[in-house]
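Chain by chain, the residues:
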Amino acid sequence: MPPSALVIDDDVDIQLLGKMLLSRHGFDVATAGCLGELARKPALLNTNLIVLDFGLGDFTGLDILDYLYDLKMNAPILLLSSCSDETAAHAIAEGKSKGLKMLGFLPKAKLMTGLGAFIEQIESSPKPPSVGELAQAIKQQHICLALQPKISLATGAVVGAEALVRWEDPTRGTIYPDNFIPLAERSGLMVPLTWCILELSFAQLASWHSRGLPLSIAVNVPAEFIKAENMLSMFDTLCSKYPIDMTKVTLELTESVGVECLGYARHILDELRKRGCKLALDDFGTGYSSLTQLYRLPFDELKVDRSFVSLIDSEPNAQAITLSIVELGARLGMSVVAEGIENAKQQAFLAEANCPVGQGYFISRPLSPALFDEWLHHQMTTAKRA
């Protein structure tokens, strides 16, 4: 099956020229002229390459990048425009800040001569992993933890970590979640991947507890895991292997993933709470049924999504939403964790707002277990000296 490409440009001549040139490189090419067309035909975005104009009538390339970010798109994006180098650099920086794969900038005047170099860049990059390779990685224990520290915003003390995931491939090196989690979601591998992450997390927690470190660990669990057959009995079997305090385990259920049968979900989540686990509603404020889930399911914690937290020092609306979620958590007797703290001003604002816990790149990037231990030792040593 040939690779696919999507040319997004409101100039029909550019659409046709781009389609012709990309077809010569073996791409199956589709075109779109505006954001509205993409909204009406989201299937167009199931593609291997996006060629994006900056000026699109009532919208700009930035609006498209926001949409691609919301959809968690993983395809490389080539900015094709007549805009200035400065404007292009800004758009590329914006895309990269959202975690999008920005290939670079190609002026429209150089489309005929310059496209080939970007195609070569794509072709020389490693091929994306396959379903079979991911299944083998889970089986052969090539999945590893990356621990992002969580601190008390009132005291600065380290209270635990979120268990993120990396795939250490023998040939490709480190593969980040954006490059394999969507594959796992599409292929039915999220449940076995979650079991793998849980086992690694329990082993890490046991290691901390054996050294007298009263840290907690948070693990993301998808709706498919909650609905999986025999999940509770398998969970009990896994717990029996590790001498850990289950009250130090937080299971984070993302609200952007639907839990259709709330009655069944409540039964399962209640059983997990009986075993000592805490339950967090992740990405709060970004889904479609936040308050329904919050009202009907037994959560202990809210996680304020990074899309709000990272803007609280620059966007009044993001600040207002964040403060409202912190207050809502307090009124419901729930803990609140702010994720995505990027600078000291944001951390200070959240501490003043009485948000209990925070995490983000300003505090620490996700670390391997060994580097987490080093970071923790440094934090504890610095705190003793203070």
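Residues numbered from 1 in each chain as written. Predicted model: local features only at pLDDT ≥ 70, side-chain atom pairs only at ≥ 80, totals over all residues. Heavy atoms only, no water.

Caption draft 1: Highlighting the overall build of the protein. Helices and strands together make up the secondary structure of the protein, namely 16 helices and 16 strands. Expected size for 386 residues packed as a compact globule is a radius of gyration near 21 Å; at 23 Å, the protein falls within 12% of this value. With respect to the principal axes defined by its C-alpha atoms, the protein has extents near 65 × 45 × 45 Å. Within the span of the protein, comprising 386 residues, buried residues form 48% of the whole. Pairs at least 24 apart in sequence give 68% of the contacts found in the protein among residues at least 6 apart. With an accessible surface of roughly 19000 Å², the protein has 55% of that area assigned to carbon and sulfur atoms. Computed over 33 positive and 45 negative side-chain charges, the separation of the two mean positions in the protein equals 5 Å. (Helix = DSSP H or I, 4+ residues; strand = E, 2+ residues; numbered from the N terminus. Rg over C-alpha atoms; globule rule 2.2 N^0.38 Å. Buried < 20%, exposed > 50% of the residue type's maximum accessible area, 1.4 Å probe, protein only. Contact = heavy atoms within 4.5 Å. Areas by Shrake-Rupley, 256 points an atom, 1.4 Å probe, with all protein chains shown as cover. Lys, Arg positive; Asp, Glu negative; His and termini not counted. Charge placed at Lys NZ, Arg CZ, Asp CG, Glu CD.)

Caption draft 2: Summary view of unusual backbone geometry. Positive phi is not limited to glycine here, since Asn230 has a value of about 60°. The phi dihedral of Asn354 is positive, around 65°, even though this residue is not glycine.

Caption draft 3: Fine view of the UniProt feature "modified residue: 4-aspartylphosphate" (unreviewed entry) in the protein. Following the UniProt record, one finds the feature "modified residue: 4-aspartylphosphate" (unreviewed entry) at Asp53. With respect to the secondary-structure elements, Asp53 resides in the loop between strand E3 (49-52) and strand E4 (55-56). Discounting residues that sit within four places of it in the chain, Asp53 has contacts with Ile8, Asp9, Asp10, Gly61, Leu79, Leu80, Ser81 and Lys108. (UniProt positions renumbered as here; feature names shortened; annotations may be inferred.)

Caption draft 4: Region of interest: the pairing of strand E14 (residues 301-304). Residues Glu301 and Lys303 line one face of E14 and the alternating positions Leu302 and Val304 line the opposite face, and both faces are buried. Pairing of strand E13 (residues 278-284) with E14 involves three bridges; the strand directions are parallel. Of the residues in E14, the one forming a bridge with Leu281 is Leu302. Where E14 lies against strand E15 (residues 335-339), four bridges are found, and the strand directions are parallel. Residue pairing for E15: Val304 is matched across the bridge by Ala338. (Pairing = 2+ DSSP bridges.)

Caption draft 5: Broad picture of the pattern of salt bridges. Tallied over the full model, the rule gives 18 salt bridges. Among the ionic pairs, Arg172 bridges to Glu133, the shortest N-O distance being 3.2 Å. Placement of the pair is Arg172 in the loop between strand E9 (158-169) and strand E10 (173-175) and Glu133 in helix H6 (residues 131-139), with a sequence separation of 39 residues. With its nearest N and O atoms 3.7 Å apart, the salt bridge here joins Lys303 to Glu339. (Salt bridge = Lys/Arg side-chain N within 4 Å of Asp/Glu carboxyl O.)

Caption draft 6: Representation of the packing of helix H10 (residues 231-240) against helix H11 (residues 262-274). Closest axis-to-axis distance for the H10/H11 pair is 11 Å, and the angle between their directions is 20°. Here H10 is positioned roughly parallel relative to H11, judged by the angle of their axes. Crossing of H10 over H11 shows right-handed handedness. Residue-level inspection shows Met231, Leu232 and Phe235 of H10 in contact with H11, the latter providing Ile268, Glu271 and Leu272. When the residues that make up the contact of H10 with H11 are grouped by side-chain class, the tally is five nonpolar, no polar and one charged. (Axes fitted to C-alpha atoms, helices over the stretch in contact; angles between N-to-C directions. Parallel < 35°, antiparallel > 145°, perpendicular 65-115°, else oblique. Left-handed = near helix turned anticlockwise from the far one by under 90°. Nonpolar A, V, L, I, M, F, W, Y, C, P; charged D, E, K, R; others polar.)

Caption draft 7: Local environment of helix H3 (residues 61-70). Within H3, the full set of buried residues consists of Gly61, Ile64, Leu65, Tyr67 and Leu68. Looking straight down H3, one finds its buried side chains confined to an arc of 160°; they lie on one side. If you check the start of H3, you find a side-chain oxygen 3.1 Å away from the backbone N of Leu62, and it comes from Thr60. Just beyond H3, the residue with positive phi is Lys72, at close to 55°. (Arc of directions from axis to C-beta. Polar contact = N/O pair within 3.5 Å; in protein donor to acceptor, adjacent residues only side chain to side chain.)

Caption draft 8: Inspection of the packing of aromatic side chains at higher detail. All told, the structure shown has five aromatic pairs when counted by the stated rule. On the numbers, 5.7 Å between centres and 85° between planes, the contact of Trp167 with Phe180 is edge-to-face. Residue Trp167 is found in strand E9, and its partner Phe180 is found in the loop between E10 and helix H7 (181-187); the two are separated by 13 residues along the sequence. The class of Phe180 is buried, set by a relative accessible area of 0%. Ring centres 5.3 Å apart and planes at 35° place the aromatic pair Trp208 and Phe372 in the tilted group. One end of the pair, Trp208, is in helix H8 (residues 190-210); the other, Phe372, is in helix H16 (residues 369-385), with 164 residues separating them in the sequence. On the basis of relative accessibility, which here comes to 0%, the residue Phe372 falls in the buried class. Connected via pairs of aromatic rings, a cluster forms that spans Trp208, Phe372 and Trp375. One cation-aromatic arrangement involves Lys98 over Tyr69; the distance from NZ or CZ to the ring centre is 5.4 Å. (Phe/Tyr/Trp six-rings, centres within 6.5 Å; stacked < 30°, edge-to-face > 60°. Lys NZ or Arg CZ within 6 Å of the ring centre and 35° of its normal.)

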